[in-house]
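Structure assessment
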Amino acid sequence: MSEQKVIAVAGATGGQGGGVARAILADPDSGFTVRALTRNPGAPAARELVALGAEVVQADFHDEASVHKAFAGAYGAFLVTNFWAHGSAEKEIEEVHVLVRAAQAAGLKHVVWSTLEDTRELLPLEDERMPVLQGKYNVPHFDAKGEANELFRQAGVPTTFLNTTFFFQGFLTQMGPQRGEDGVLTLTLPLEDGKLLSGVDSEDIGRTAFGILKGGERFLGETVGLAGDHLTGAQYAAKFEAALGEPVRFQSVPYDVFRSLDIPAAEEIANMFQYYGDFDQEFTGARDLDKVRELNPALKSFDAWLAENLSKIKAG
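A brief structural summary. A quick note: this is a predicted structure, and the numbers were derived from the prediction, not measured.

Some details on a nonpolar patch on the surface
Residues Val257, Leu261 and Ile263 make up a contiguous nonpolar surface patch of about 220 Å² in total accessible area. Mapped onto the elements, Leu261 comes out in the loop between α8 (255-259) and α9 (266-278).

The structure is reproduced here in structure tokens:
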């Protein structure tokens, strides 16, 4: 046990970090042990990780000393930031600066950084097809992470960049099928007909990150694109229909109409879906399902995820 390599897991009580922690702890022969980072070590989710065998430590991205302490002596780390906790791209980049400095100081040998594409590489801000947000971003929660990739490279932190995507769990909230005025279930998304939406079970982030850590040096400096399925809106609706046993239609909402809705982050979400749609071949092309399955044999298709979560969708 003393020879096990410590993996510091940021956001360990959240969806992504929790998935990484559980994936590592589920394999007693992995050679890794988990140091779970959380702002509140007394939280129920933290206590659950302790019961599974994790070491839980207090760390806050806004208290840099606590992050340095949490990384000390670790072999590697899974790092993630939560844009939606504050909604600010600039704050997210500041948090990544803290993580990078701590990783560099600790001499970590392998970091898996949960990130996303910088949409400005394919869609310059001068392109007027979508509004610029927060002064210099198309999709702030994408662009901030993508911009921050360079911080790891500049600091010489041995990193694998794990590009995530839309979570199937989004269908358990307002993005799932809703009954229309005519009584028919309708999957309403700001996605053009025929365009692909790559999705993934958020738990597969953890399982894939674990596969990368087990793969070791061959993944250093590499970018891994993650998805569990690539489907059109109509295909998602058809799968909901088959699972629920009643008609489900797909309704495409124009991007500008979605931007005008009185819902949180409407502009950001519409810009994100427009990026998915306008660059669907580039986005899905960077996510090879067969390659992901080599890292994570348990990778869930949308069908598999839907079968496991059907009762939650019915309850909604």
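Here we look at the pattern of salt bridges
Taken as a whole and judged by the stated rule, the model has 20 salt bridges. Here Arg120 ties to Glu147 by a salt bridge, and the two come within 2.8 Å at their closest N and O atoms. Placement of the pair is Arg120 in the loop between β5 (110-115) and α5 (140-155) and Glu147 in helix α5, with a sequence separation of 27 residues. The partly exposed category is assigned to Glu147, whose relative accessible area is 31%. Across the pair Arg179 and Glu246 runs a salt bridge, and its minimum N-O distance is 3.1 Å. Residue Arg179 is located in strand β8 (residues 178-179), and its partner Glu246 is located in the loop between α7 (233-244) and β13 (248-252); the two are separated by 67 residues in the primary sequence. Taking relative accessible area as the criterion, Glu246 reaches 27% and is therefore assigned partly exposed.

Points about helix α6 (residues 203-215)
Here α6 contains 13 residues, and its C-alpha end-to-end distance of 19 Å stays within 8% of the 18 Å for a straight helix at 1.5 Å per residue. Where α6 is concerned, the buried positions are Asp204, Ile205, Gly206, Thr208, Ala209, Phe210, Gly211, Ile212 and Leu213. In the stretch just after α6, Gly216 is the one whose phi turns positive, near 70°.

Analysis parameters
Residues numbered from 1 in each chain as written. Predicted model: local features only at pLDDT ≥ 70, side-chain atom pairs only at ≥ 80, totals over all residues. Heavy atoms only, no water. Patch = residues over 30% accessible without salt bridge, like charges linked within 9 Å, V, L, I, M, F, W, Y side chains within 5 Å. Areas by Shrake-Rupley, 256 points an atom, 1.4 Å probe, with all protein chains shown as cover. Salt bridge = Lys/Arg side-chain N within 4 Å of Asp/Glu carboxyl O. Helix = DSSP H or I, 4+ residues; strand = E, 2+ residues; numbered from the N terminus. Buried < 20%, exposed > 50% of the residue type's maximum accessible area, 1.4 Å probe, protein only. Expected span 1.5 Å × (residues − 1).

Just distances and angles here, no functional claims.
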